[in-house]
Amino acid sequence: MDRIIRFLSKPIIDEVKSDRDFKSIEEIRIAIGKPIIVLKNNKEIIKNYRVTAEDMKSIIQRVSNYSIYAFEEEIKQGYITIEGGHRIGISGQCVIENGAVKTIKHIGSINIRVAREVIGCSNKLMKEIIDGNRINNTIIISPPKCGKTTLLRDITRNISNGYAPLKFEGKRTTVIDERSEIASCYRGIPQMNVGIRTDIYDNCIKSQGIIMAIRTMAPEVVVCDEIGTNKDIEALIMAYNSGVNVIVTIHGNEVEDIYKRPVFKDILDNKMIKKIIVLSNKDGIGTVESIITL
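Residues numbered from 1 in each chain as written. Predicted model: local features only at pLDDT ≥ 70, side-chain atom pairs only at ≥ 80, totals over all residues. Heavy atoms only, no water.

Enquirer: Can you explain helix 3 (residues 53-63)? Please cite residues and give values.
Expert: Looking only at helix 3, the buried set comprises Asp55, Met56, Ser58, Ile59, Ile60 and Val63. On the buried face of helix 3, the contacting elements are helix 2 (10-17), strand 1 (25-31), strand 3 (43-50), strand 4 (79-81), strand 5 (87-97) and strand 6 (100-113). Just downstream of helix 3 lies Asn65, where phi reads positive at about 55°. (Buried < 20%, exposed > 50% of the residue type's maximum accessible area, 1.4 Å probe, protein only. Helix = DSSP H or I, 4+ residues; strand = E, 2+ residues; numbered from the N terminus. Contact = heavy atoms within 4.5 Å.)

Below, the structure is given as structure tokens:
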């Protein structure tokens, strides 16, 4: 939180720090003319202070080190990643060029998502993912805010480093981190522990990154978050046919969500997926609802 606090204006710092347990904050939502909203333990806390245009200007200047143009590539994706891997989502007036977003100006609201890793949170699941010294191709299904990215990150760490309790040797792993959430890279350096044998394609389109990795990095395992397009599936099948194992996540509530979506038909028909892990937050973030072997 200290890395986040230093970017905020004093009135906002005072509001955020007024919470007794402010270091457990998950998100801070800041919008001009509106009260600050803090998310803790998956619950909203609405503060009294209303954000001014001057507050927003001050935050954006500090986050961008007074050079907003230096962050144009990130901004057109809708966020800026700061040291520590914390991600600041941005909304405002989009500037369109050649049918694509060039940048965002007149920023009206931001969402600061606090990056946290939970080392060891995947340990109990590794026996499902590891088969001897091989990896089971796995899909993690989860609604938003149920810990799927945190779990995926820790699975990546265990696969990359090796997992001694199962006598598993580490594998060369490539993370395709399209939204900079798994490794949370800052200036190319991962802020989260994703293992010693892990290469990262940060801010890279998943389908392109998977193909690039296969051609250049010789991965044994490819990891990516939130697959969902036909191009994603085509690239995953290419990885599978190249002898590369895959660990991926999708948004959903239950295993039937895979079968309902035509986009996933090819990976089911190819019988490439061995394990499906379904998450919820029923008993807290990261609750494992079911594990299915196909």
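Enquirer: Describe the side chain of Thr149, with residues and values.
Expert: Here Thr149 shows up in helix 6 (residues 148-161). Assessed through its relative accessible area of 14%, Thr149 is described here as buried. Among the polar contacts listed, one links the side chain of Thr149 to the side chain of Asp225, at a separation of 2.7 Å. With residues up to four places along the chain from it excluded, the contact list for Thr149 reads Glu181, Ile182 and Asp225. (Polar contact = N/O pair within 3.5 Å; in protein donor to acceptor, adjacent residues only side chain to side chain.)

Enquirer: Any details on the pattern of salt bridges? Residues and values, ideally.
Expert: On inspection of all chains with the given rule, the structure shows 21 salt bridges. Salt-bridge contacts for Arg113 lead to Glu27; the nearest nitrogen and oxygen are separated by 3.7 Å. Here Glu27 lies in strand 1 and Arg113 lies in strand 6, a separation of 86 residues in the sequence. The exposure class of Glu27 is buried, given its relative accessible area of 5%. Connected through salt bridges with shared partners, the residues Glu27, Arg29, Arg87, Arg113, Lys145, Lys148, Arg179, Glu181, Asp225 and Glu226 form a single ionic network. (Salt bridge = Lys/Arg side-chain N within 4 Å of Asp/Glu carboxyl O.)

Enquirer: So what's going on with empty space enclosed by the protein? Residues and values would help.
Expert: On inspection of all chains with the given rule, the structure shows one cavity of 30 Å³ or more. As for the largest cavity, its lining consists of Glu117, Val118, Ile119, Thr150, Arg153, Asp154, Arg157 and Asn193. Of the residues belonging to the lining of the largest cavity, the class tally is two nonpolar, two polar and four charged. (1 Å grid on protein atoms, 1.4 Å probe; cavity = no way out; pocket = protein on both sides within 12 Å on 5 of 7 lines; lining within 4 Å. Points joined across faces, edges and corners; volume = space filled by probe spheres on them. Nonpolar A, V, L, I, M, F, W, Y, C, P; charged D, E, K, R; others polar.)

Enquirer: A description of the environment of Pro219 should follow, citing residues and the corresponding values.
Expert: Note that Pro219 resides in the loop between helix 7 (206-216) and strand 16 (221-224). Judged by relative accessible area, Pro219 falls into the buried class, the value being 8%. Distance in space between the C-alpha atoms of Pro219 and Asp199 is 8.6 Å, their sequence separation being 20 residues. With residues near it in sequence (within four places) discarded, Pro219 still touches Arg172, Thr174, Ala213, Ile214 and Val244.

Enquirer: Tell me about the sheet that holds strand 9 (residues 138-142), residues and numbers included.
Expert: Strand order across the open sheet formed by seven strands is 15-12-16-17-9-18-19, with mixed pairing between neighbours. In this open sheet, the two edge strands, each paired with only one partner strand, are strand 15 (198-202) and strand 19 (287-293). Neighbour-to-neighbour, the strand axes of this sheet turn through a mean angle of 15°, independent of strand direction. Pairing geometry for strand 12 (residues 173-177) and strand 16, over four bridges, is parallel. (Pairing = 2+ DSSP bridges. Axes fitted to C-alpha atoms, helices over the stretch in contact; angles between N-to-C directions.)

Enquirer: Hey, could you go over the sheet that holds strand 2 (residues 35-40) for me, with residue numbers and the actual values?
Expert: Within the open sheet, the six strands sit side by side as 3-2-1-6-5-4. Their pairing is antiparallel. Lying at the two open borders of the sheet, with one neighbouring strand each, are strand 3 and strand 4. Averaged over all pairs of adjacent strands, the angle between their axes in this sheet comes to 35°, without regard to strand direction. Alignment of strand 4 against strand 5, held across three bridges, turns out to be antiparallel. Looking across to strand 5, one finds that Ile80 is bridged to Ile88. Here helix 2 sits on the sheet and contacts strand 1, strand 2 and strand 3; the angle it forms with strand 3, its principal contact strand, is near 140°. In this fold helix 3 packs onto strand 1, strand 3, strand 4, strand 5 and strand 6, with an angle of close to 105° to the strand it touches most, strand 6.

Enquirer: Explain the pairing of strand 1 residue by residue, including any values.
Expert: Buried residues dominate strand 1, accounting for six of its seven residues. Sheet analysis places strand 1 next to strand 2, joined by four bridges and oriented antiparallel. Directly across from Ile25, in strand 2, lies its bridge partner Lys40. Here five bridges tie strand 1 to strand 6, and the two strands are oriented antiparallel to one another. Considered in strand 6, the bridge of Ile30 is made with Ile110.

Enquirer: So what's going on with unusual backbone geometry? Residues and values would help.
Expert: Here Lys145, not a glycine, exhibits a phi torsion of approximately 60°, which is positive. Within the secondary structure layout, Lys145 lies in the loop between strand 9 and helix 6. Among the residues examined, Lys145 registers a relative accessible area of 39% and is labelled partly exposed. A positive phi angle, close to 55°, is found at Ser180, a residue other than glycine.

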